[in-house]
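Here is how the chains run, residue by residue.
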Amino acid sequence: MGTEHSKNEEQRSMVFLRKGPKLPAWEDALLAGKEPKSLLKRGLRYVSLSLIMKGMTSTPDFLWGLHEVQKLNLSRNQLVVIPPSLGKLDRLVVLNLGGNCLKCLPKEIGLLRNLKVLFVNMNCLKEVPAELSLCRKLEVLSLSHNCISQLPLSFTDLTSLRKLNLSNNRFVQIPLCIFALRSLDFLHLGSNKLENIAESIQYLVNLQIFIVENNNIRSLPRSLCYISTLELLNADYNAIQTLPDDLYLLRRLRRIAWNPMDKGLHIAHNPLARPLPEVVEGGLDVLFSYLRDKKEHN
């Protein structure tokens, strides 16, 4: 009788466990006595580990012993702190910390000398550690949707950086260090508090996509017209009244664009002085012709 009762209890327990909430993959692996390395995925390019959307408020300790990890995704959790142990993962090439509650990054992030891609978007950062500039191989950096108002001057050392997203922050002016990043081909500063664009913008000679929508910019600098590589210039939703006469030099701008994803010149929702609104409606060729004639008659 006792044995039968025990079997019934065991069966009920198994049913309860099957019906209970599913454990995160890493907890499931550890409780089953598995080696944490079994969580790693070995792809054609990277050894990767994804702990996305696990409801984590802190990082599991075993993580810092997985030295072979090259691609780590900790996005969309509830992490408040990334410990200094992050520096132990010195083979990391791609690191995604987006969608957490981080208020700062550890200075040990500078030990990730192989890092090429870093996402820290949608967090609570107010500043960025100067040590990040030690990641000289960094090519892609997203700090969007934070509370950042300035960058360390040491960012001038990020000479390999090609894509930088600083949108939805608190920048009043474009940080000076950015103008030293000559490899940039993508720069997003939309939804900040910018009132102007410095003439130094011309030093970004490889810039192809430049987004400054939804700021308080009153005019576009003439030097912007000398970046011959520009294919998308988005200055929608600003306070621009006039356009520089040399804008027609931007020959890679193919059209007046209305869809945010389209290449071309985005200049909608600005208080353009007449006759510019009507000229813009005629298309880019009409606008460029107008600006060229205007320059010749001045």
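Scroll up to find the structure this text is about.
Because the structure is predicted, anything quoted here is derived from the model rather than measured.

1. As for the environment of E35
No. 1: As for its position among the elements, E35 is in the loop between helix 2 (25–31) and strand 1 (41–42).
No. 2: Here E35 falls in the partly exposed class, since its relative accessible area comes to 46%.
No. 3: Counting along the chain gives 27 residues from E35 to F62, while the straight-line C-alpha distance between them is 9.9 Å.

2. A word on the environment of F179
No. 1: Counting through the fold element by element, F179 comes out in the loop between strand 7 (163–165) and strand 8 (186–188).
No. 2: A relative accessible area of 5% places F179 in the buried class.

3. Comments concerning the pairing of strand 2 (residues 47–50)
No. 1: With two bridges joining them, strand 1 and strand 2 adopt antiparallel strand pairing. Bridging from a neighbouring strand, R42 pairs with V47 of strand 2.
No. 2: Two elements, strand 2 and strand 3 (residues 71–73), share three bridges in a ladder whose sense is parallel. For L49, the partnering residue across the bridge sits in strand 3 and is L72.

4. Notes on the packing of aromatic side chains
In this description, an aromatic ring pair is defined by two values, namely the gap between the centres and the angle between the planes.
No. 1: With the rule as written, the count across this model stands at zero aromatic pairs.
No. 2: Sitting above the plane of the Y248 ring, R292 keeps its charged end 4.8 Å from the centroid.

5. Quick notes on the side chain of N73
No. 1: You can see N73 is positioned in strand 3.
No. 2: In this view, N73 contacts L49, S50, L51, I52 and N96; residues no more than four positions away in its chain are not counted.

6. Re unusual backbone geometry
No. 1: Residue P275 is bonded to the preceding R274 through a cis peptide linkage, with omega at 10 degrees.
No. 2: In the Ramachandran plot, H145 falls in the positive-phi region, its phi being about 55 degrees despite a non-glycine side chain.
No. 3: Of note, H145 is situated in the loop between strand 6 (140–142) and strand 7.
No. 4: Under the relative-accessibility criterion, H145 is labelled partly exposed at 39%.
No. 5: The phi torsion at Y237 lies on the positive side, around 55 degrees, for a residue other than glycine.
No. 6: Tracing the chain through its elements places Y237 in the loop between strand 10 (232–234) and strand 11 (264–266).
No. 7: Judged by relative accessible area, which is 43%, Y237 ranks as partly exposed.

7. A short note on the sheet that holds strand 1
No. 1: The 11 strands lie next to each other as 1-2-3-4-5-6-7-8-9-10-11, forming an open sheet whose pairing is mixed. Since the sheet does not close on itself, it has two edges, and those belong to strand 1 and strand 11, each with one partner.
No. 2: As judged from the three bridges shared by strand 3 and strand 4 (residues 94–96), these two strands associate in the parallel manner. Its bridge partner being in strand 4, K71 is matched across the sheet by V94.

Calculation rules
Residue positions are given per chain, counted from 1 along the sequence in the order it is written. Under the rules for a predicted model, residues below a pLDDT of 70 receive no local features and side-chain atom pairs below 80 are neither given nor counted, while totals for whole chains, interfaces and linings still include all residues. Side-chain metrics rest on all non-hydrogen atoms present in the structure, leaving aside hydrogens and water. Going along the chain from the N terminus, every DSSP run of H or I of four or more residues is numbered as a helix, and every run of E of two or more is numbered as a strand. Only protein chains enter the accessibility calculation, which uses a 1.4 Å probe. A residue is then buried if its area is under 20% of the maximum for its type, exposed if over 50%, and partly exposed in between. Strand pairing requires that DSSP identify at least two bridges connecting the strands. Pairing of aromatic side chains requires ring centres within 6.5 Å, counting the rings of Phe and Tyr and the six-membered ring of Trp. Pairs whose planes differ by under 30 degrees are stacked, by over 60 edge-to-face, and all others tilted. Only when the NZ atom of a Lys or the CZ atom of an Arg is both within 6 Å of the ring centre and within 35 degrees of the ring normal do we say a charge sits over the ring. The contact criterion used is simple: two residues touch if any of their non-hydrogen atoms lie within 4.5 Å.

Limitation: the analysis is restricted to geometry and does not speak to function.
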